[in-house]
Amino acid sequence: MHKITEVLISESELMEKVEEMAKAIENDYKGEDIFIIGVLKGACVFVSDLMRKINLNVELDFMSVSSYGKSTKSSGVVKILKDLDLEIENKHVIIVEDIIDTGLTLKYLTENLRSRNPKSLKVCTLLDKPDRRKCHLDVDYIGFTIPDRFIVGYGIDCAEMYRNLPFIGIVSE
Ligand code: 5GP
């Protein structure tokens, strides 16, 4: 069994940052309706906290894509496991991610979603690990930039465990 060895981001730090990010989004889209896409499963907690702090008309949908799971290497081949239920054409879309690592998942997702002709497309991530980036990505909202450590909690798992932790922690492997 893995153990949490360190709290990297506390519950109160997360709450404060989520509020700040929601206000930034609200400010950027003043008076517009937005369409949020939560990327499953990791972004489930973040997206539900974030959207409740955004005082705009919000539509919500989810996508699930395969990433590289427990391996530390990304093949760059991304598979859609669950597509959107709704159309995004002519909508202001924000993709909400838990963490960007190599960036390959998001690169695929943004290209795929852009081909569906949204009015605009932005990317919002709670965590960013820029050290491991393998492609260029424009990320519009970043919560925390973190070092290259394996983290869990606040929706993010290790072998499907730890998603319910209210903080972001580091596990020993
Ligand atoms: P990317 O395509 O950017 O390399 O993959 C991002 C995905 O990798 C995230 O959505 C997440 O599923 C996984 N990932 C990257 N870093 C971590 C980490 O530190 N902990 C966990 N649990 N998953 C991670």
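- The protein appears in an unreviewed UniProt entry as Hypoxanthine phosphoribosyltransferase from Peptoclostridium litorale DSM 5388.
- Of the comments in the UniProt record for the protein, the one headed Sequence similarities (unreviewed entry) reads "Belongs to the purine/pyrimidine phosphoribosyltransferase family."
- Under the UniProt heading Cofactor (unreviewed entry), the note attached to the protein is "Mg(2+)".

## Quick look at the sheet that holds strand β2 (residues 34-40)
In a beta sheet, neighbouring strands pair by backbone hydrogen bonds and run either parallel or antiparallel.
(1) Moving on: Here we have 6 strands laid out as an open sheet, ordered β4-β3-β2-β5-β6-β7, and mixed in their pairing. At either margin of the open sheet sits one strand with a lone partner, and together these are β4 (80-82) and β7 (141-145). With strand direction ignored, the average angle separating the axes of adjacent strands in the sheet is 30 degrees.
(2) Moving on: Relative to strand β5 (residues 92-100), β2 runs parallel, the two being bridged by 4 bridges. Bridge pairing links Ile37 to Ile95 in β5.
(3) Moving on: Relative to β5, helix α3 (residues 104-114) is tilted by about 170 degrees, and along the sheet it contacts β2, β3 (58-65), β4, β5 and β6 (120-128).

## Some thoughts on the sheet that holds strand β9 (residues 168-172)
(1) Moving on: The 3 strands lie next to each other as β1-β9-β8, forming an open sheet whose pairing is antiparallel. The open sheet has two free edges, formed respectively by β1 (3-9) and β8 (151-152), since each of these has just one partner strand.
(2) Moving on: Where β8 and β9 come together, 2 bridges link them in antiparallel fashion. Residue pairing across strands places Val152 opposite Gly169, the latter belonging to β9.

## A closer look at the pattern of salt bridges
(1) Moving on: Enumeration according to the criterion identifies 17 salt bridges in this entry.
(2) Moving on: Note that Glu20 and Lys17 form a salt bridge whose closest N and O atoms lie 3.5 Å from each other. Of this pair, Glu20 and Lys17 both sit in helix α1 (residues 11-28), 3 residues apart, which is roughly one turn of that helix.
(3) Moving on: Accessibility expressed as a relative area gives 47% for Glu20, which makes it partly exposed.
(4) Moving on: By relative accessible area, which is 18% here, Lys17 ends up buried.
(5) Moving on: One salt bridge connects Asp49 with Arg52, and the closest N-O pair in it is separated by 2.7 Å.

## Topic: the nonpolar core
(1) Moving on: With 28 residues, the main nonpolar core has Ile25, Phe46, Leu50, Cys124, Leu127 and Ile168 as its most contacted residues.
(2) Moving on: For this core, the secondary structure elements donating two or more residues are α1, β2, α2 (44-51), β5, β6, β7 and β9.
(3) Moving on: Ranked by residue count, the leading element in this core is α1, at 5 residues.
(4) Moving on: The contacts of Phe46, once residues within four sequence positions are left out, are Val18, Met21, Val96, Glu97, Cys124, Thr125, Leu126 and Tyr154.
(5) Moving on: Formed by 19 residues, the second largest nonpolar core is a distinct cluster that contains Ile37, Leu84, Leu104 and Leu121.

## Structural notes on α2
(1) Moving on: Residues of α2 that are buried include every one of Phe46, Val47, Asp49 and Leu50, and no others. End-on view of α2: buried residues confined to an arc of 165 degrees, all on one side of the axis.
(2) Moving on: Of the surrounding elements, those touching the buried residues of α2 are α1, β2, β3, β5 and β6.

## Observations regarding the site of the ligand
(1) Moving on: Looking at the ligand, there are 17 residues lining it, with Thr102, Thr105, Lys129, Ile151 and Asp157 nearest.
(2) Moving on: For the ligand, an oxygen atom lies 3.0 Å from a polar atom in the side chain of Asp98.
(3) Moving on: A distance of 2.8 Å is found between a nitrogen atom of the ligand and a backbone nitrogen or oxygen belonging to Ile151.
(4) Moving on: In the complex, the protein chains occlude 90% of the 510 Å² of accessible area that the ligand would expose alone.
(5) Moving on: In terms of residues, the shell around the ligand owes the most to one element, β5, which gives 4 residues.
(6) Moving on: The residue inventory of the shell around the ligand, partitioned by class, reads 7 nonpolar, 4 polar and 6 charged.

Calculation notes
Residues numbered from 1 in each chain as written. Predicted model: local features only at pLDDT ≥ 70, side-chain atom pairs only at ≥ 80, totals over all residues. Heavy atoms only, no water. UniProt positions renumbered as here; feature names shortened; annotations may be inferred. Pairing = 2+ DSSP bridges. Helix = DSSP H or I, 4+ residues; strand = E, 2+ residues; numbered from the N terminus. Axes fitted to C-alpha atoms, helices over the stretch in contact; angles between N-to-C directions. Contact = heavy atoms within 4.5 Å. Salt bridge = Lys/Arg side-chain N within 4 Å of Asp/Glu carboxyl O. Buried < 20%, exposed > 50% of the residue type's maximum accessible area, 1.4 Å probe, protein only. Core = buried A, V, L, I, M, F, W, Y, C linked by side-chain atoms within 4.5 Å. Arc of directions from axis to C-beta. Near = heavy atom within 4 Å. Polar contact = N/O pair within 3.5 Å; in protein donor to acceptor, adjacent residues only side chain to side chain. Areas by Shrake-Rupley, 256 points an atom, 1.4 Å probe, with all protein chains shown as cover. Nonpolar A, V, L, I, M, F, W, Y, C, P; charged D, E, K, R; others polar.

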